[in-house]
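Observations on the three-dimensional arrangement
Chain residues, written in single-letter form:
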Amino acid sequence: DLCEFPLHAWNDLRLAPAFALRHGLSPYPGVGQGPLFTWIYGPVPLLLNLPATFAADVVGALQAAWAINVLVLVAPLAVIFLGAGELRARGPAAGAFALALAILLIPRPNLVFHVADHAAIAAGLLSCWTLARPELLTGRHLAAAAAWCALAVWSKQIAVFLVPAQLVFLLLSAGPRFAGSYLAWV
């Protein structure tokens, strides 16, 4: 997948706005204010790809973007599977096995194409996981869940539906006080 990632023009187009941002051009230009990009998503994926813009050449930049893409796909799964108390209780290999299985189940196109959805899903997944552990539901965890949710929305705007969904979840599972605190943090 690393060798195939640079071959797709889609990935070039998705990395171009990060280069523009690095060189002072707005990836969201107004009418008559600069070059138009195909970037219509939030700033989080652009910021995640900024390290790739420091590569020595185009292929290096695309390979760095591939590594960032894989990290965005795998890191939330690692946090969840290696941090889940239920899996840790089954022994040290249980979480690692679950993580390996989850990585194997990632659809191949997700490893070959960079899309804003990856950052939105990763942040949304971490937000949901943070809220789904009622024994750890504290103000700090509500703030973390709200921050992950905001990052999901700032990755891809359609993730805004996480906010009402998580509010309903909190209303039903923890009560209005927790839901109100969460909304204030968001």
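Scope of this entry: the structure provided in the associated data block. (Residues numbered from 1 in each chain as written. Predicted model: local features only at pLDDT ≥ 70, side-chain atom pairs only at ≥ 80, totals over all residues. Heavy atoms only, no water.)

Further remarks concern the overall build of the protein. Counting its secondary structure elements, the protein contains ten helices and zero strands. Along the protein, helices (α) and strands (β) appear in the sequence α-α-α-α-α-α-α-α-α-α when read from the amino end. Projected onto its principal axes, the C-alpha positions of the protein cover 50 × 45 × 25 Å. The buried share of the protein, reckoned over its 186 residues, is 42%. Long-range pairs, those at least 24 residues apart, make up 65% of the contacts in the protein with a sequence separation of at least 6. In the form shown here, the protein has an accessible surface area of approximately 10200 Å², with 74% of it arising from carbon and sulfur atoms. Taking the 9 positively charged and 7 negatively charged side chains of the protein as two groups, their mean positions are separated by 11 Å. (Helix = DSSP H or I, 4+ residues; strand = E, 2+ residues; numbered from the N terminus. Buried < 20%, exposed > 50% of the residue type's maximum accessible area, 1.4 Å probe, protein only. Contact = heavy atoms within 4.5 Å. Areas by Shrake-Rupley, 256 points an atom, 1.4 Å probe, with all protein chains shown as cover. Lys, Arg positive; Asp, Glu negative; His and termini not counted. Charge placed at Lys NZ, Arg CZ, Asp CG, Glu CD.)

Our focus in this paragraph is the state of the cysteines. Taken as a whole and assessed by the stated rule, the structure comprises zero disulfides. With no disulfide of its own, C128 lies closest to C149 among cysteine sulfurs, the gap being 7.8 Å. Judged by relative accessible area, C128 falls into the partly exposed class, the value being 34%. A residue is classified by how much of its surface remains accessible, and C149, at 0% relative accessible area, is buried. (Disulfide = S-S within 2.5 Å.)

With that settled, the discussion passes to a nonpolar patch on the surface. A surface patch of nonpolar side chains, amounting to about 350 Å² of accessible area, comprises F97, L101 and L105. With respect to the secondary-structure elements, F97 resides in helix α5 (residues 92–104). (Patch = residues over 30% accessible without salt bridge, like charges linked within 9 Å, V, L, I, M, F, W, Y side chains within 5 Å. Salt bridge = Lys/Arg side-chain N within 4 Å of Asp/Glu carboxyl O.)

This next bit is on the packing of helix α7 (residues 116–131) against helix α9 (residues 162–173). The interhelical angle for the contact between α7 and α9, taken along N-to-C directions, is 10 degrees, at an axis separation of 11 Å. Between α7 and α9, the crossing angle belongs to the class labelled roughly parallel. For the pair α7 and α9, contact is made by G124, S127, C128 and L131 and by L162, Q166, F169 and L170, respectively. (Axes fitted to C-alpha atoms, helices over the stretch in contact; angles between N-to-C directions. Parallel < 35°, antiparallel > 145°, perpendicular 65-115°, else oblique.)

Note on placement: N49 falls in helix α2 (residues 44–49). Discounting residues that sit within four places of it in the chain, N49 has contacts with L15, A18, A65, I68 and H114.

Our next topic: the packing of aromatic side chains. Enumeration according to the criterion identifies zero aromatic pairs in this entry. Over the face of the ring belonging to F54 we find R22, whose NZ or CZ atom lies 4.1 Å from the ring centre. Over the aromatic face of F178 sits the side chain of R177, whose NZ or CZ is 4.6 Å from the ring centroid. (Phe/Tyr/Trp six-rings, centres within 6.5 Å; stacked < 30°, edge-to-face > 60°. Lys NZ or Arg CZ within 6 Å of the ring centre and 35° of its normal.)

Now for the side chain of R14. Its location among the elements puts R14 in helix α1 (residues 9–22). This buried residue, R14, is left without a salt bridge; D117 holds the nearest opposite charge, at 7.6 Å. When neighbours within four sequence positions are excluded, R14 is seen to be in contact with T38, W39, Y41 and H114.

With that settled, the discussion passes to the packing of helix α3 (residues 58–83) against α7. At a minimum axis separation of 9 Å, α3 and α7 run at an interaxial angle of 15 degrees. Considering their axes alone, α3 and α7 lie roughly parallel with respect to each other. In the crossing of α3 with α7, the sense of the turn from one axis to the other is left-handed. Packed against α3, whose contacting residues are N69, V72, L73, P76, L77, V79, I80 and G83, the element α7 presents H118, A119, A122, L125, L126 and W129 at the interface. Class assignment of the residues belonging to the contact of α3 with α7 gives a composition of eleven nonpolar, three polar and no charged. (Left-handed = near helix turned anticlockwise from the far one by under 90°. Nonpolar A, V, L, I, M, F, W, Y, C, P; charged D, E, K, R; others polar.)

For the rest of this paragraph, the subject is α3. Taking 1.5 Å per residue as the helical rise, α3 with its 26 residues ought to reach 38 Å, and the 37 Å between its terminal C-alpha atoms agrees with that figure. For α3, the principal kink sits at V74 and spans about 30 degrees; a proline, P76, occurs within the next four residues. (Expected span 1.5 Å × (residues − 1). Bend = angle between axes of the 7 residues up to and from the residue.)

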